Amino acid sequence: MTQVLLNGIVSGLNIALLAMAFSLVYVPTRVFHIAIGGVFAVVPYVVLQGQRFSLPTVLSVIAGLTIAVLLSLGCEWLNHARLERKRAPSAVHLVASLGIYIILGQVMAQCNHCAVFR
């Protein structure tokens, strides 16, 4: 019973963290940046792979956070900043962000099948 309660609390906190991330981006920019979900999924995957390669937990977490920052900056610089300069409507930002989310998901799925990551 205690494990079920703890799992519920952790899941709820995880959902709240993702909701805060969406809110943090949406409120100032008025762009629903779906790719944050992809970044949110990639980070634990990077940490898990770091631990599989016997990195200390601290280094795995630092690697995950570094990847999160680089992916977020890459999404901004390579995609949304260009769309903003062209004054693209928010629907275009939404579709582009969805594309980035799909790409991140597919990269994780393909890396999961690579022999290097097993």
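Our subject is the structure listed above.
One structure accompanies this document, and this report is about it. (Residues numbered from 1 in each chain as written. Predicted model: local features only at pLDDT ≥ 70, side-chain atom pairs only at ≥ 80, totals over all residues. Heavy atoms only, no water.)

Attention now goes to the overall build of the protein chain. Tallying secondary structure elements over the protein chain gives four helices and zero strands in all. Taken along the three principal axes of its C-alpha coordinates, the protein chain extends 50 × 35 × 25 Å. Burial analysis of the protein chain (118 residues in total) assigns 25% to the buried set. When contacts within the protein chain are restricted to residue pairs at least 6 apart in sequence, those whose partners lie at least 24 apart make up 54%. With the model as given, the accessible surface of the protein chain reaches about 8300 Å², and the carbon-plus-sulfur share is 73%. (Helix = DSSP H or I, 4+ residues; strand = E, 2+ residues; numbered from the N terminus. Buried < 20%, exposed > 50% of the residue type's maximum accessible area, 1.4 Å probe, protein only. Contact = heavy atoms within 4.5 Å. Areas by Shrake-Rupley, 256 points an atom, 1.4 Å probe, with all protein chains shown as cover.)

Turning next to the environment of T29. Checked against the element boundaries, T29 lands in helix 1 (residues 2-29). Looking at T29, its side chain comes within polar contact range of the main-chain oxygen of V25, at 2.5 Å. (Polar contact = N/O pair within 3.5 Å; in protein donor to acceptor, adjacent residues only side chain to side chain.)

Looking now at a nonpolar patch on the surface. Together, F53, L55, V58, L59 and I62 make up a nonpolar patch on the protein surface, roughly 480 Å² of accessible area in all. In this fold, L55 is placed in the loop between helix 2 (35-52) and helix 3 (57-85). Looking at L55, the relative accessible area reads 39%, which means it is partly exposed. (Patch = residues over 30% accessible without salt bridge, like charges linked within 9 Å, V, L, I, M, F, W, Y side chains within 5 Å. Salt bridge = Lys/Arg side-chain N within 4 Å of Asp/Glu carboxyl O.)

Here we take up the packing of aromatic side chains. Ring pairs (aromatic) are described by centroid distance and by the angle formed between their planes. Evaluated as defined, the whole model comprises one aromatic pair. Seen from their ring centres, F22 and F32 are 5.0 Å apart, and the 15 degrees between their planes marks the pair as stacked. Of the two residues, F22 sits in helix 1 while F32 sits in the loop between helix 1 and helix 2, which places them 10 residues apart along the sequence. (Phe/Tyr/Trp six-rings, centres within 6.5 Å; stacked < 30°, edge-to-face > 60°.)

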